[in-house]
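# Survey of secondary and tertiary structure
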Amino acid sequence: MKYLTAASRLLRHSSRNLSDHRSNLQFFCSIRPSSSGLSYTSLRSYEHLIQDDCFHRKITLKNICFRGSGVGILHCLPKFQSDGIRTHHRNLASTALIPERNKSFATINSDDISYFKKVLGGRGVVQDEEKLDDANTDWMRKYKGSSKLMLQPRKTQEVSQILDYCNSRCLAVVPQGGNTGLVGGSIPVYDEVIINIGSMNNVLSFDKVSGILVCEAGCILENLMSFLDNEGYIMPLDLGAKGSCQIGGNVSTNAGGLRLLRYGSLHGSVLGLEVVLANGTVLDMLGTLRKDNTGYDLKHLFIGSEGSLGIVTKVSILTPPMLSSVNLAFLACEDYLSCQKILVEAKTKLGEILSAFEFLDINAMDLVLKHLDGLRDPLPSSKHNFYVLIETTGSMESHDKEKLEAFLVQAIESGLLTDGVVAQDINQASSFWRIREGVPEALLKEGATYKYDLSLPPEKMYNLVEEMRQRLGTAANVVAYGHLGDGNLHLNISTQQYDDNILAKIEPFVYEWTSKQRGSISAEHGIGLMKASKLHYSNSAETVQVMAAIKKVLDPNGILNPYKVLPTPALSQT
């Protein structure tokens with residue numbers, strides 16, 4: 001009887017779902033397994049896709065670009081009196097300094113255009129101002145370059161010829177895929193030549209026994225997902241920008257996403273790469289073996305290097321089989337310590353079926369309910385300090401349901417959970433995810449936001465949030481959410497308008513605090529242009545110098561994605 005009472009108390013609230021379809025929502029009131037498990041396929045098809053730190057948006061299978069109206073670098077931004085440009089406006093996480101244009105870089109001339117047309121043909125050489133405006137502007141309209149030329153190769157050999165020529169002429173280049181990054185890594189800073197890989201979009205092979213996929217770097221992530229759907233497999237990563245981001249860009253930024261807790265990072269999933277170096281040399285590392293200890297595993301240099309060491313042209317990746325049973329619980333805790341304990345218990349009790357563990361605090365929840373139409377609190381009887389989403393993915397529906405129910409009952413009996421609900425259909429599951437993924441959109445509607453993407457020990461994550469609230473007082477609303485399962489905090493400071501006095505209280509404190517915890521100033525968004533000058537907060541001077549030395553060996557003229565990833569002083573000292 002105690003078991004039944006606890007289960008009933010856990011999942012007792014609200015007789016309607018978040019979209020007001022009253023007939024669909026049923027809460028667990030006993031330990032009986034539900035007959036309505038959620039299939040992975042139906043979850044994937046929900047039109048509101050998930051984006052980790054961008055506002056929620058509907059994605060199509062076409063590349064999405066946003067047309068800017070300014071000219072030059074970072075239009076509409078005030079200049080420093082020194083040699084950089086200060087970026088301090090809507091949606092930027094922090095300030096960034098941009099070095100002066102490298103005077104050793106050449107500028108495009110008519111002979112260059114003629115050569116590229118000879119290699120690519122007329123259609124592969126883009127000089128149209130409207131198309132260039134799109135390519136020069138990142139999708140969040142943070143940054144804007146002034147490139148006069150975009151090249152669209154279709155084969156690895158063409159990429160090789162382009163880079164060989166650019167290196168001989170000392171023409172700087174920027175590799176570009178879907179242009180969905182958040183740190184200014186995929187757009188020119190000045191007049192660099194854009195090399196867009198989107199036309200290299202073929203699936204080359206798929207092994208149905210091993211699940212190993214080989215494809216070109218320009219394949220859109222969602223297209224690969226659709227291809228694998230038909231084969232009974234899934235991609236090991238899932239991003240909100242899946243309808244426009246490309247696998248080459250995913251690899252080059254070591255993209256994370258919701259599946260990292262279950263399947264790990266791309267350092268583990270990627271088996272091989274084909275990469276073109278700055279001088280045109282093609283590195284064929286396109287292995288399909290899970291075990292290969294023959295010398296240095298060079299592919300890892302290029303995973304997460306953001307195109308600064310070479311351009312990825314082909315990818316070999318291990319894909320997991322598709323599982324049929326997906327369950328999602330939306331839960332409430334009264335303190336952050338309980339969230340941590342629930343995470344530990346989930347890893348132990350749910351084990352192999354645990355696929356996602358997300359959290360948001362009451363400030364984040366309040367903003368979502370305030371600004372996003374059609375959403376309702378799944379636990380309306382009272383407010384809670386913290387909310388947790390737990391997803392399980394397995395192959396035995398009744399077994400997975402029973403396992404999740406038993407875990408939840410035990411958690412509420414022990415006092416770790418104060419309330420909760422389990423989704424009974426795809427609409428409810430999508431509504432729950434919409435709450436978690438709608439936080440960035442709600443912040444956007446609230447006003448100005450200082451955004452930080454940090455990796456920290458889970459037990460320390462919320463200490464930073466509390467300290468930031470003490471520093472800022474009533475001057476700002478400090479909002480926290482993120483991937484608790486892998487220690488990734490999205491820290492957002494929301495204000496009515498951007499204010500240098502507020503920024504001075506945030507930085508460099510947030511970076512110094514993270515550094516003291518041996519955390520990372522970039523958990524999943526990359527370094528790009530935004531954080532290149534702040535790399536020392538997460539890496540020792542010696543480590544940065546080794547990185548710069550590697551860059552110097554592979555790209556001695558520095559033409560690949562200049563001004564990004566590494567601080568300019570480190571490169572000048574090499």
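Residues numbered from 1 in each chain as written. Predicted model: local features only at pLDDT ≥ 70, side-chain atom pairs only at ≥ 80, totals over all residues. Heavy atoms only, no water.

### Quick word on the pattern of salt bridges
Using the following cut-off: Basic side-chain nitrogens of Lys or Arg form a salt bridge, by our definition, when they fall within 4 Å of a carboxyl oxygen of Asp or Glu. Relative accessibility thresholds used throughout: buried, under 20% of the residue-type maximum; exposed, over 50%; partly exposed, between the two (1.4 Å probe, protein chains only). Helix and strand definitions follow DSSP, with helices as H or I runs of at least four residues and strands as E runs of at least two, each counted in order from the N terminus.
Taken as a whole and assessed by the stated rule, the structure comprises 18 salt bridges. Measuring nitrogen to oxygen at the nearest pair gives 2.7 Å for the salt bridge that ties Asp238 to Lys242. Take Asp238 and Lys242: they sit in the same class, and that class is buried. The salt bridge partner of Arg436 is Glu358, with a shortest N-O separation of 2.9 Å. One end of the pair, Arg436, is in helix 14 (residues 426–437); the other, Glu358, is in strand 11 (residues 354–361), with 78 residues separating them in the sequence. Its relative accessible area of 0% is what places Arg436 among the buried residues. In this structure Glu358 comes out as buried when scored by relative accessible area, which is 2%.

### Considering the side chain of Glu306
Applied cut-off: Here a polar contact means two N or O atoms within 3.5 Å. Within protein one must be a hydrogen donor candidate and the other an acceptor candidate, and residues neighboring in sequence count only if both atoms are side-chain atoms. Any pair of residues with heavy atoms lying within 4.5 Å of one another is described as a contacting pair.
Along the chain, Glu306 turns up in the loop between helix 10 (299–302) and strand 9 (311–318). Polar side-chain contacts of Glu306 include one of 2.8 Å to the backbone nitrogen of Ile527. Not counting the four nearest positions on each side in its chain, Glu306 is found in contact with Val183, Ser252, Thr253, Gly526, Ile527, Gly528, Asn561 and Val565.

### Some points on helix 4 (residues 129–136)
Of all the positions in helix 4, only Leu132, Asp133, Asp134, Ala135 and Asn136 are classed as buried. In this fold, the buried residues of helix 4 make contact with strand 1 (125–126), strand 2 (150–151), strand 3 (173–176) and strand 4 (193–196). The opening residue of helix 4, the one whose side-chain oxygen lies 3.2 Å from the backbone nitrogen of Glu130, is Asp128.

### Observations concerning helix 3 (residues 110–120)
Heads up, the rule is: Relevant arc is that of directions from the helix axis to the C-beta atoms, nothing else.
Within the span of helix 3, buried status applies to Asp112, Ile113, Phe116, Val119 and Leu120. Projection of helix 3 onto a plane perpendicular to its axis shows the buried side chains occupying an angular sector of 125 degrees, all on one side. When the buried face of helix 3 is taken as reference, the exposed residues oriented beyond 90 degrees from it are Ser110, Asp111 and Lys118. Packed against the buried residues of helix 3 are strand 1, strand 2 and helix 5 (156–169). Just past helix 3, the residue Gly121 takes up positive phi, approximately 80 degrees.

### Re the packing of helix 3 against helix 5
Where we set the bar: Axes here mean lines fitted to C-alpha atoms, for a helix over just the part in contact, with angles spanning 0 to 180 degrees between N-to-C directions. Here the word oblique covers every angle except those under 35 degrees (roughly parallel), over 145 (roughly antiparallel) and from 65 to 115 (roughly perpendicular). Handedness of a crossing follows from how the near helix is turned relative to the far one, being left-handed for an anticlockwise turn of less than a right angle and right-handed for a clockwise one.
Interhelical geometry of helix 3 versus helix 5 gives an angle of 165 degrees and a closest axis separation of 10 Å. Taken together, the axes of helix 3 and helix 5 lie roughly antiparallel to each other. Note on packing geometry: the crossing formed by helix 3 with helix 5 is right-handed. Along the contact surface, helix 3 presents Asp111, Asp112, Tyr115, Phe116, Val119 and Leu120, while helix 5 presents Glu158, Gln161, Ile162, Tyr165, Cys166 and Arg169.

### Re the packing of helix 16 (residues 461–472) against helix 18 (residues 509–516)
Helix-helix packing is described using two parameters, namely the angle between the two axes and the distance between the axes. Heads up, the condition is: Nonpolar residues are Ala, Val, Leu, Ile, Met, Phe, Trp, Tyr, Cys and Pro. Charged residues are Asp, Glu, Lys and Arg, and all others, Gly as well, are polar.
Across the interface, helix 16 lies against helix 18 with an axial gap of 11 Å and an inter-helix angle of 150 degrees. The angle between the axes of helix 16 and helix 18 places the two elements in the roughly antiparallel class. Relative to helix 18, helix 16 is oriented so that their crossing is right-handed. Of helix 18, the residues touching helix 16 (which contributes Asn463, Leu464, Glu467, Met468 and Arg471) are Phe509, Val510, Trp513 and Thr514. Residue composition of the contact of helix 16 with helix 18, grouped by class: 5 nonpolar, 2 polar and 2 charged.

### Topic: unusual backbone geometry
Trans is the prevailing form of peptide bonds, just as negative phi is the prevailing case for residues other than glycine. In this structure, Pro508 follows Glu507 across a cis peptide bond, with omega equal to 5 degrees. Tracing the backbone shows Pro508 in the loop between helix 17 (500–506) and helix 18. Unusually for a residue other than glycine, Asn179 sits at a positive phi of about 60 degrees. Counting through the fold element by element, Asn179 comes out in the loop between strand 3 and strand 4. Accessibility expressed as a relative area gives 4% for Asn179, which makes it buried. A positive phi angle, near 45 degrees, is found at Asn561, a position not held by glycine. By the secondary structure assignment, Asn561 is in the loop between helix 19 (541–554) and helix 20 (568–572).

### Examining the side chain of Asp238
With respect to the element layout, Asp238 can be found in the loop between helix 6 (221–229) and helix 7 (247–253). Within the structure, the side chain of Asp238 is placed 2.7 Å from the side chain of Lys242, a separation counted as a polar contact.

### Digging into the nonpolar core
Quick reminder of the rule: Within this scheme, the nonpolar core is defined by two criteria: the residues are buried Ala, Val, Leu, Ile, Met, Phe, Trp, Tyr or Cys, and they are joined through side-chain atoms within 4.5 Å.
Formed by 67 residues in total, the largest nonpolar core has its most connected members in Met235 and Leu273. Within the residue set of this core, elements represented by two or more residues are helix 3, helix 5, strand 4, strand 6 (212–216), helix 6, helix 7, strand 7 (270–276) and strand 9. The leading source of residues in this core is helix 5, at 5 residues. If sequence neighbours within four positions are ignored, Met235 has contacts with Leu213, Leu221, Leu224, Met225, Leu228, Ile247, Arg259, Ile317, Thr319 and Pro320. Judged by nonpolar contacts, the second largest core, of 50 residues, contains Leu416, Tyr450, Leu464 and Val478.

### Examining the sheet that holds strand 7
Definition in use: Following DSSP output, two strands are said to pair if at least two bridges run between them.
Reading across from one edge, 5-6-9-7-8 is the order of the 5 strands in this open sheet, with antiparallel pairing throughout. The strands lining the two open edges of the sheet, one partner per strand, are strand 5 (203–207) and strand 8 (282–285). Strand-to-strand, the axes of this sheet are offset by a mean angle of 10 degrees, without reference to chain direction. As defined by bridge partners, strand 7 adjoins strand 8 across 4 bridges and the pair is classed as antiparallel. Each bridged residue has a counterpart across the sheet, and for Leu273 the counterpart in strand 8 is Met285.

### Some words on the confidence of the model for the protein
The condition is simple: For every residue, the predictor assigns a confidence score, pLDDT, that lies between 0 and 100.
Across the protein, the average pLDDT comes to 85, with 83% of residues at or above 70. The model gives residues 1–9 a pLDDT under 50, and that stretch makes 18 contacts with residues more than four places away or in other chains. Within the model, pLDDT remains below 50 along residues 11–93, and this stretch shows 275 contacts once partners closer than five positions in the same chain are excluded.

### Details of the environment of Ile527
Mapped onto the elements, Ile527 comes out in the loop between helix 18 and helix 19. Remark: the alpha-carbon pair of Ile527 and Val565, spanning 38 residues in sequence, is separated by 5.2 Å. Beyond its immediate stretch of four places on either side in the chain, Ile527 contacts Val183, Glu306, Ser522, Ala532, Leu535 and Val565.

### A closer look at the sheet that holds strand 11
Taking strand neighbours across the sheet as the criterion, the 7 strands line up as 13-10-12-11-15-16-14 in an open arrangement whose pairing is antiparallel. Since the sheet does not close on itself, it has two edges, and those belong to strand 13 (419–422) and strand 14 (448–455), each with one partner. Averaged over all neighbouring strand pairs, the angle between strand axes comes to 15 degrees, with direction disregarded. Pairing of strand 11 with strand 12 (residues 386–394) involves 7 bridges; the strand directions are antiparallel. Directly across from Asp361, in strand 12, lies its bridge partner Phe386. Sheet strands in contact with helix 15 (residues 439–446) are strand 11, strand 14, strand 15 (477–483) and strand 16 (488–495), and its direction is about 160 degrees off that of strand 15. With respect to the sheet, helix 18 is in contact with strand 14 and strand 16, its orientation differing from that of strand 14 by roughly 15 degrees.

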